[in-house]
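# Understanding the architecture of this molecule
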Amino acid sequence: MRWADALRLALESATRRFGRTALTVLAVTLASALLVGLSTIVATANSRVFNQVSKGGPITAIRVAAARANPGQLETDDFRLGPPLRIDDQTLSGIAALPGVEAVAPVLDLDVLAVPPPEAGLREPIFDRMVGVDLRDAGQLPVTVLAGRLPAAGLSNETAVTLSYLDKLGLTADDPSVVLGTRVSFAHPQVIQTSSGPDYRGRWVWATIVGVVAQDAAPGMFLVSIEQTEADRAWALGGTGDANFEPLPESPYSAAIVVARSLGEVRGVRKSINDLGYATSAPEQLIANVQRYLKVVDIVLGAIGLIALIIAALGITNAMLAQVRERRREIGVLKAIGARDRDVLRVFLLEAGFVGALGGGAGTVFGVAIAAAVGAVVNGYLTQQGLQGITLSVPLAIVLAGVFGATALALVAGVLPARRAARLPAREAVGGA
């Protein structure tokens, strides 16, 4: 018997018993939808958790301080700072050339005096830090946009603020967008020592708040383009300094963000940077612990989906055993006209595979739709809480597992009925009809 003939017989049998086939396909569809939906939700949740751990940036991001590393630096996630150490463009180039490094971004943060608009109702100015980062490749930075957007690269009249700014104004994080479009004035100090004492000068600029962010690039309430803090630093260096202000570091950059190519290479990259003498910080231990807990969740949810598929497979086995009993005459006729045992086996396995593939394909589509609906509900809740939403992640492996996994399981479930049908003697099959 040719494969085409076996496939035709399998399809005719499946469509002839439409009700039973439809119910079996529905069982496989629901099981596959559960497995794919749970897997998609878990994959998306894992990505979201890791983004939160790294404050929105790549989970392989490493912070490098303009300071020497104290002994034991690699054994902790936090900085162990030693004496100051210069970070300049040459340093960044050297780090970028290290094995396992994907990207390097400079950071420069400075003291700043900020004056919110009068309508904010804050009588005293805010003395905090302004964090300048390279915004040309913001995806490599540990920054999460909660509302609005990031400042444009190279502009000095735009800024993003953290939730601490809302706290200063007595606002809640429920709707961070209320500060968008408002202006804040920045004063950058310059001190000139004169014969009569220090002469304090201020370089005032204003900026429009275009976004609210959570950031871990450096401590600071205001996030701007690094070009702005570089200009402010150049202005401040024009003075002679004063003990009332924190002295400007000699290093052109106060820190750097280094992104490793993979999570497994974070340790090696940190060690290489440590060998250069720099202190580093990366959530290695935290991510390792989170991974352990998420693995448990993956196992539990995966087991639930697998149990559903096994139940569906048992349904396929039961349905096909019933078909073997009902089709004894048909099997006998096939054998009487020359069909071999393996031909009958092939027909029943193709029928089982057809049911599994159809149910797996429909279940995969249905599962992704369920995950998207759940994601929409979760995004609505996160938006109400003033948090960044999630982006649905549907790995190709999950899609392939939904379709081919269901097909393979259906084939396994069809082996027993198919073998029983193949072993029926032609004379017994015709006689027992």
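What you see is a predicted model, and the numbers here were worked out from it, not measured in a lab.

Regarding its fold elements, the protein chain presents eleven helices and eleven strands. Taking all 433 residues of the protein chain together, 44% fall into the buried category. When contacts within the protein chain are restricted to residue pairs at least 6 apart in sequence, those whose partners lie at least 24 apart make up 79%. Accessible surface for the protein chain amounts to roughly 21,100 Å². Of this, 61% is attributable to carbon and sulfur atoms.

With twelve residues, helix α5 (residues 226–237) ought to run about 16 Å at 1.5 Å a step, and its terminal C-alpha atoms sit 16 Å apart, in line with that. Residues Ile 226, Gln 228, Thr 229, Asp 232 and Arg 233 constitute the buried set of α5. All buried residues of α5 project into a common sector of 150° when viewed along the axis, lining one side.

With that settled, the discussion passes to the packing of aromatic side chains. Evaluated as defined, the whole model comprises two aromatic pairs. Relative to Phe 222, the ring of Tyr 165 has its centre 5.7 Å away and its plane inclined at 65°; by these criteria the two rings are edge-to-face. Taken together, the positions of Tyr 165 in helix α4 (residues 163–168) and Phe 222 in strand β9 (residues 222–225) put the pair 57 residues apart, joining distant regions of the chain. Relative accessible area serves as the criterion here: at 0%, Tyr 165 is assigned to the buried category. Judged by its relative accessible area of 0%, Phe 222 falls in the buried class.

Turning our attention to the pattern of salt bridges. Pairs may arise between side chains of opposite charge once their charged atoms sit close together. Scanning the model with the defined rule gives ten salt bridges in all. Among the salt bridges present, the one from Arg 129 reaches Asp 111, with a minimum N-O distance of 2.7 Å. Taken together, the residues Arg 129 in strand β4 (residues 126–133) and Asp 111 in strand β3 (residues 101–115) connect sequence positions 18 residues apart. The pair formed by Arg 129 and Asp 111 is uniform in burial state, with each residue classed as buried. Where Glu 158 meets Arg 149, a salt bridge forms, and the shortest distance between an N and an O atom there is 2.8 Å. When its relative accessible area of 12% is taken as the criterion, Glu 158 is described as buried.

This paragraph deals with helix α3 (residues 89–96). Restricting attention to buried positions, one finds in α3 the residues Thr 91, Leu 92 and Ile 95. Taken around the axis of α3, the buried residues stretch over an arc of 100°, which confines them to a single face. Elements that come into contact with the buried residues of α3 comprise β3, β10 (255–260), α6 (266–275) and β11 (278–281). One side-chain oxygen at the N-terminal end of α3 lies 3.2 Å from the backbone nitrogen of Gln 90; it belongs to Asp 88.

Attention now moves to the side chain of Asp 88. With respect to the helices and strands, Asp 88 occurs in the loop between β2 (81–84) and α3. Since its relative accessible area comes to 16%, Asp 88 is described here as buried. For Asp 88, the side chain forms a polar contact with the main-chain nitrogen of Gln 90, separated by 3.2 Å. In this view, Asp 88 contacts Pro 252 and Tyr 253; residues no more than four positions away in its chain are not counted.

Tracing the backbone through its elements, the reader meets Leu 150 in the loop between β5 (143–148) and β6 (158–162). Here the alpha-carbon distance between Leu 150 and Leu 223, two residues 73 residues apart in the chain, equals 8.4 Å. With residues up to four places along the chain from it excluded, the contact list for Leu 150 reads Leu 135, Ala 138, Val 143, Val 145, Val 210, Val 213 and Leu 223.

Attention now goes to the confidence of the model for the protein chain. Low-pLDDT stretches of the model should not have their predicted coordinates read in fine detail. The share of residues in the protein chain with pLDDT of 70 or more is 83%, and the mean pLDDT across the chain is 79. Averaged pLDDT values over the elements of the protein chain bottom out at 57 in helix α11 (residues 426–431) and peak at 94 in β9. For the stretch residues 241–245, pLDDT sits under 50, and the model shows ten contacts to residues farther than four places along the chain or on other chains.

Criteria and cut-off values
- Residues numbered from 1 in each chain as written.
- Predicted model: local features only at pLDDT ≥ 70, side-chain atom pairs only at ≥ 80, totals over all residues.
- Heavy atoms only, no water.
- Helix = DSSP H or I, 4+ residues; strand = E, 2+ residues; numbered from the N terminus.
- Buried < 20%, exposed > 50% of the residue type's maximum accessible area, 1.4 Å probe, protein only.
- Contact = heavy atoms within 4.5 Å.
- Areas by Shrake-Rupley, 256 points an atom, 1.4 Å probe, with all protein chains shown as cover.
- Expected span 1.5 Å × (residues − 1).
- Arc of directions from axis to C-beta.
- Phe/Tyr/Trp six-rings, centres within 6.5 Å; stacked < 30°, edge-to-face > 60°.
- Salt bridge = Lys/Arg side-chain N within 4 Å of Asp/Glu carboxyl O.
- Polar contact = N/O pair within 3.5 Å; in protein donor to acceptor, adjacent residues only side chain to side chain.
- pLDDT = per-residue confidence, 0-100.

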